[in-house]
Amino acid sequence: MEPEIFINFKHYENAVGESCESLLNQFNTVKNNKIYYCLSYIDLRLNSKFPDLNIISQSVDLNGYGAFTGSISIESLMSIGIKGSLLNHSEKRIEKNNIVETVKKAKENNFKIVLCVENIEEIKNYSELEPDYIAYEPPELIGGNISVSSSKPEIIEKASKICENKTKLLVGAGVKAKKDIDKSMDLGAQGVLIASGIIRDPKPINKLISLTGKR
Ligand code: G3P
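Residues numbered from 1 in each chain as written. Predicted model: local features only at pLDDT ≥ 70, side-chain atom pairs only at ≥ 80, totals over all residues. Heavy atoms only, no water.

## Quick word on the overall build of the protein
Per the secondary structure count, the protein includes nine helices and eight strands. Computed over its C-alpha atoms, the radius of gyration of the protein comes to 16 Å, within 12% of the 17 Å expected for a compact globule of 215 residues. By its C-alpha atoms, the protein is 45 × 40 × 30 Å across when sized along the principal axes. Here the protein, with 215 residues, has 52% of them falling under the buried criterion. (Helix = DSSP H or I, 4+ residues; strand = E, 2+ residues; numbered from the N terminus. Rg over C-alpha atoms; globule rule 2.2 N^0.38 Å. Buried < 20%, exposed > 50% of the residue type's maximum accessible area, 1.4 Å probe, protein only.)

As structure tokens, then:
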């Protein structure tokens, strides 16, 4: 099975605004519909310039339209053609009730949710909601050089059993090389979430190509 690869641009200076557009111009040469680009709010409208790329949001709020300063809603995202979002990323955690209601609302609207979780307890609890994806990322490994697949293989295996027939499993944190992706897949994940491994590489496009070669 081909891995699904979610690239989180976070708010890195070289991945926001004009720099985001220039990265997408390069990434657009890689034809692979299993790659998803998680962009900063200010760049989401680039989806109209890059209709062939899967572009999703880095977070979404539960509220709809109204007096909600600083919000981004499923409705507003869908109105510009964005069909999914990360939710509850370690760097943007939200409360449990909010997660439950947002996943429910997203399902009603056919809006894809990648629900990020930090440990096996959260995998157990939140897989019951059957979001489109559960993304397991141990916070202490995020941004580092030790990959989740080498540090937490037993948790990935357990997680894949818990998620089976409910939701797809992604894993992330410290993913830097193709062997990290291959190992994650062998342990039962359907794909990975990756940020610094590509975005902070001196040549992001070369790195993306090297990570997406055939297994
Ligand atoms: O969302 C992906 C991210 O949190 C993992 O970050 O830099 O370890 O790939 P990184």
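Moving on, there is more to tell.
## Remarks on the site of the ligand
In the neighbourhood of the ligand, the contacting residues comprise Asn8, Lys10, His89, Glu137, Ile142, Gly143, Ala173, Gly174, Leu193, Ile194, Ala195 and Ser196. Within the side chain of His89, a nitrogen or oxygen atom sits 2.8 Å from an oxygen atom of the ligand. In the environment of the ligand, an oxygen atom lies 2.8 Å from a nitrogen or oxygen atom belonging to the backbone of Ala195. When the free accessible area of the ligand is taken as 310 Å², the share hidden by the protein chains comes to 100%. The residue makeup of the shell around the ligand, split by class, is five nonpolar, five polar and two charged. (Near = heavy atom within 4 Å. Polar contact = N/O pair within 3.5 Å; in protein donor to acceptor, adjacent residues only side chain to side chain. Areas by Shrake-Rupley, 256 points an atom, 1.4 Å probe, with all protein chains shown as cover. Nonpolar A, V, L, I, M, F, W, Y, C, P; charged D, E, K, R; others polar.)

## Topic: the pairing of strand β2 (residues 35–39)
Burial runs high along β2: five of the five residues are buried. The alternating pattern of β2 places Ile35, Tyr37 and Leu39 and Tyr36 and Cys38 on opposite faces, both of which are buried. Bridge analysis of strand β1 (residues 4–8) against β2 gives four bridges, and the strand direction is parallel. Counterpart to Asn8 in the pairing with β2 is Cys38. Handedness of the crossover joining β1 and β2 through helix α1 (residues 18–27) is recorded here as right-handed. Where β2 meets strand β3 (residues 54–57), four bridges bridge the pair, whose relative direction is parallel. (Pairing = 2+ DSSP bridges. Right-handed = clockwise from strand over helix to strand, strands pointing away.)

## Some remarks on the nonpolar core
Ranked by internal contacts, the top residues of the largest apolar core, which has 57 residues, are Ile7, Phe9, Leu24 and Tyr37. Tallying contributions element by element places helix α6 (residues 153–163) first for this core, with five residues. When near neighbours in sequence (up to four residues on either side) are disregarded, Tyr37 contacts Ile7, Phe9, Leu24, Phe27, Leu53, Asn54, Ile55, Ile56 and Leu208. Phe6, Tyr36, Cys38 and Ala135 belong to the second largest nonpolar core, which has eleven residues in total. (Core = buried A, V, L, I, M, F, W, Y, C linked by side-chain atoms within 4.5 Å. Contact = heavy atoms within 4.5 Å.)

## Points about the side chain of Ser40
With respect to the helices, strands and loops of the structure, Ser40 is situated in the loop between β2 and β3. Here Ser40 falls in the buried class, since its relative accessible area comes to 6%. Other than its neighbours up to four places away in sequence, Ser40 contacts Lys10, His11, Val16 and Gln58.

## Digging into the packing of helix α4 (residues 120–127) against α6
Direction vectors running N to C along α4 and α6 enclose 10 degrees, while the axes themselves pass 10 Å from each other. Classified by the interaxial angle, the pair formed by α4 and α6 is roughly parallel. Between α4 and α6, the contacting residues are Ile120, Ile123, Lys124 and Ser127 on the first element and Ile155, Lys158, Ala159, Ile162 and Cys163 on the second. Looking at the contact of α4 with α6, its residues break down into six nonpolar, one polar and two charged. (Axes fitted to C-alpha atoms, helices over the stretch in contact; angles between N-to-C directions. Parallel < 35°, antiparallel > 145°, perpendicular 65-115°, else oblique.)

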